[in-house]
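Listed below, chain by chain, are the residues.
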Amino acid sequence: MKKWMRALPIDERVDALLAEMTLPEKVGQLNQPANVSPGPDRDALAAGRIGSSLYASGALGGNVRDEGLSIRAIEQCQRIAVEESRLGIPVLFGRDVIHGHRTVFPIPLGLAAAWDAELVERLCDVAGSEALREGVAWTFAPMVDISEEPRWGRVAEGFGESPALSGRLAMAAVTGFQRHIGATAKHFVGYGLAAGGRDYESVQVGENTLRNLHLRTFKAAVDAGVLSVMASFNDIDGTPMHANRRLIREVLKQEWGFDGVVVADWSGIGQLVDHGVAADARDAARQGLLAGVDLDMASGVYLAHLESLVGDGEVPLDLLDDAVRRVLRMKFRLGLFDDPYPRTTADPIGPTAATRALAREAAVASMVLVANDGILPLSDQVESLHLTGPFVDEGEALLGTWVLDGRGADVPSPLVAFTDLLGDRLTHTDGRFSDLAAHRTRAAAVTVALLGEHPSRSGEANSVADLGLPAGQLEALKQLCGLGKPVVAVVFGGRPLDLAEVLRVASAVIVAWHPGTEAGPALADVLFGRREPSGRLPMTFPRSTGHVPSSVHARATSRVLDFTRDAWDGRYLDALTQPQLPFGYGLSYTTFRHGGPVASASEVPFGGQVEVSAQVTNTGQRAGRELVQLYLHDPVAEVTRPKLELLDWQWLDLAPGETGTAVFTIGTDAFGYFGRDLTWRVDQGLVRLITGRDATASAAVEVRIVAAGADE
Ligand code: GLC
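Residues numbered from 1 in each chain as written. Predicted model: local features only at pLDDT ≥ 70, side-chain atom pairs only at ≥ 80, totals over all residues. Heavy atoms only, no water.

Draft legend 1. Geometry of the overall build of the protein. Along the backbone of the protein there are 18 helices and 27 strands. For 712 residues, the compact-globule estimate of 2.2 N^0.38 gives 27 Å, and the C-alpha radius of gyration of the protein, at 26 Å, lies within 12% of that figure. Taken along its principal axes, the extent of the C-alpha atoms in the protein is 75 × 70 × 45 Å. Looking at the protein residue by residue over its 712 residues, the buried ones come to 61%. (Helix = DSSP H or I, 4+ residues; strand = E, 2+ residues; numbered from the N terminus. Rg over C-alpha atoms; globule rule 2.2 N^0.38 Å. Buried < 20%, exposed > 50% of the residue type's maximum accessible area, 1.4 Å probe, protein only.)

This is the structure we're talking about:
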């Protein structure tokens, strides 16, 4: 890169470089093999045939640990590419830094339970900074798939079922990561609708639902400036996403103006053959490039076939050039041409006091108290406490899925944290429940049972057919709860589980997800009241597996279903329909009373704003945090609308007896949706604005949207 070019605007530098490139060099930029190393890949690197590489343990990277990053190998590969290839184009190194790098934060579904975009931005900033120091310039996160399907293992990686919540957290994650490294909005699109919750399964969905639900979080990420988008493994109504020109080239790139890189998911282009839509690898490469997938992750079909496809006129050169431009543009935007080498070659970094404090803050904020007969908070003067269950002395298992560079050894386990607090007043039984556990439960003032899923049951290719607790846990819990002493159940996991029986027998229940590096101390903080539980469910917990799908954005139907009360409604003969725990649900150690919403005006002109406020009083004896949620119900629209659609939320910190007011300023665009013709619209007419503590909220105020100037 000539020195004078450094001062040019990025796109001029891209065009100048592109003009110098041969066809093989262009194709090389679209090739992303996995785990390149300076020995076997030297020739390809020196020939400019590797534009990018990802370090991952393999096709199912989420739960298979690899041998870890080698900063030296990254630097050696980069020196070959930059100093030995003809044009010196740096390689873009990527890795799945999903919810932390060396310091691990709660799984994204747990982070969503904190309902705190600023927190997500801060921790993604830390993750990006740690990753960049080890040579990673690009992460394949945030995952922003909307899903109402808890059987699907990958709900652990996303921000839950609400486009409003997920979209805002996606923007925060992109902003945080991209202070240091490139981010990726994935998996574009509809992956969370996989049939039966079975990973990779077919998806049947119309474009109206895609636009009103699933595309919204990707649009939010694009609006936040995300540098890349990853195509998803699924088809949409018969067209695999890696061949989906309509959604990738026409919607994402043309309609939205996305000028970043669309990267394939692992071998997704080559797998068009497995989908049965491509006759062979060459045909798959043709379809992938025409659809707008710019970078071929791991399948190799672009490197093998694009030159001949261009030569034979089956792939227009201008489309190939556009893909190369996007890859070069991303490298310029990341500063790789100016600063291509890893910032540090020192020993691997680890959590610091500051990053641990943030991990602990995030883990506390993620935990959701879903039941409490008054046993919580525990007193740290408690005379004796029995800790039991399969997670008592666990570290690694509390990091969660998609942790490639965090270490279990860095995690103070619950046993360590509780011992620090209680000393010899603590007894514990490891592993499975046992007669000893029963004995120690009888002997202790209170028992804390650590239940739930190991991370190997969540994440990619880890879907389940039954949302119940893993085998044996519920039976053992019932035994312990039958001994006449209070038992607090802490449920770790990567998805909404069937907690009906746990809620019936335990004195208190906390949903703790997989909390990350500070799992033990954070759990102690919450159980002993050093920090208030404030998490709120980002996904509906269905009453049973048979109730799936069950979510806040269920659309109005010909028969009204009243979610605000447990009443028979004819949907099932053998069960109530209402969720076990609704979206947005969560308790505190104090209590709150919500006043109804008040609107600043009964009419709002198109383009105008209306203020909606709601008072909340802390009616308990302890200070606490309450989340006021604002929902929209649109009673008449051109398409069926969600009975409740989350619009916004606001935290109120209230002292005992204190009354606070949540104030929302809503523009009429918030009431918009995609109509039958798939265009965006805001209707005149009545909308109902509802505020409350979760998706059973019903206190509403009506506002009429009127033509601008109507009231003059
Ligand atoms: C995996 C996942 C994707 C991940 C990629 C690289 O199969 O689907 O989320 O980023 O491959 O590891």
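Okay, back to it.
Draft legend 2. Main features of the pattern of salt bridges. Going through the model one piece at a time under the given rule, you end up with 50 salt bridges. A salt bridge links Glu 518 to Arg 356, with the nearest nitrogen and oxygen atoms 2.6 Å apart. Highlighted residues: Glu 518 in the loop between strand E16 (508-513) and helix H18 (519-527) and Arg 356 in helix H13 (residues 353-366), separated in sequence by 162 residues. In the salt-bridge network here, residues are joined through shared partners; they are Glu 207, Arg 211, Arg 246, Glu 250 and Glu 255. (Salt bridge = Lys/Arg side-chain N within 4 Å of Asp/Glu carboxyl O.)

Draft legend 3. How the structure looks around the pairing of strand E20 (residues 609-618). Where strand E17 (residues 592-594) meets E20, three bridges bridge the pair, whose relative direction is antiparallel. In the sheet register, Phe 592 faces E20, and the bridge partner there is Asn 618. As defined by bridge partners, strand E18 (residues 598-599) adjoins E20 across two bridges and the pair is classed as antiparallel. Residue Val 598 lies in a different strand from E20, and its bridge partner there is Ser 613. Direction of pairing for E20 relative to strand E23 (residues 659-667): antiparallel, over a ladder of nine bridges. Each bridged residue has a counterpart across the sheet, and for Val 612 the counterpart in E23 is Phe 664. (Pairing = 2+ DSSP bridges.)

Draft legend 4. Expanded view of the sheet that holds strand E11 (residues 368-372). Pairing is mixed across the open sheet formed by six strands, whose spatial order is E11-E16-E15-E14-E12-E13. For this open sheet the edge positions go to E11 and strand E13 (426-429), each flanked by a neighbour on one side alone. When the angles between neighbouring strand axes are averaged without regard to direction, this sheet yields 20°. Where E11 and E16 come together, four bridges link them in antiparallel fashion. Paired with Ala 371 across the two strands is Val 509, which belongs to E16. Along the sheet, helix H15 (residues 435-443) contacts strand E12 (385-388), E13, strand E14 (446-452) and strand E15 (487-492); its crossing angle with E13, the most-contacted strand, is approximately 160°. (Axes fitted to C-alpha atoms, helices over the stretch in contact; angles between N-to-C directions. Contact = heavy atoms within 4.5 Å.)

Shape is all these values report; function is a separate question.
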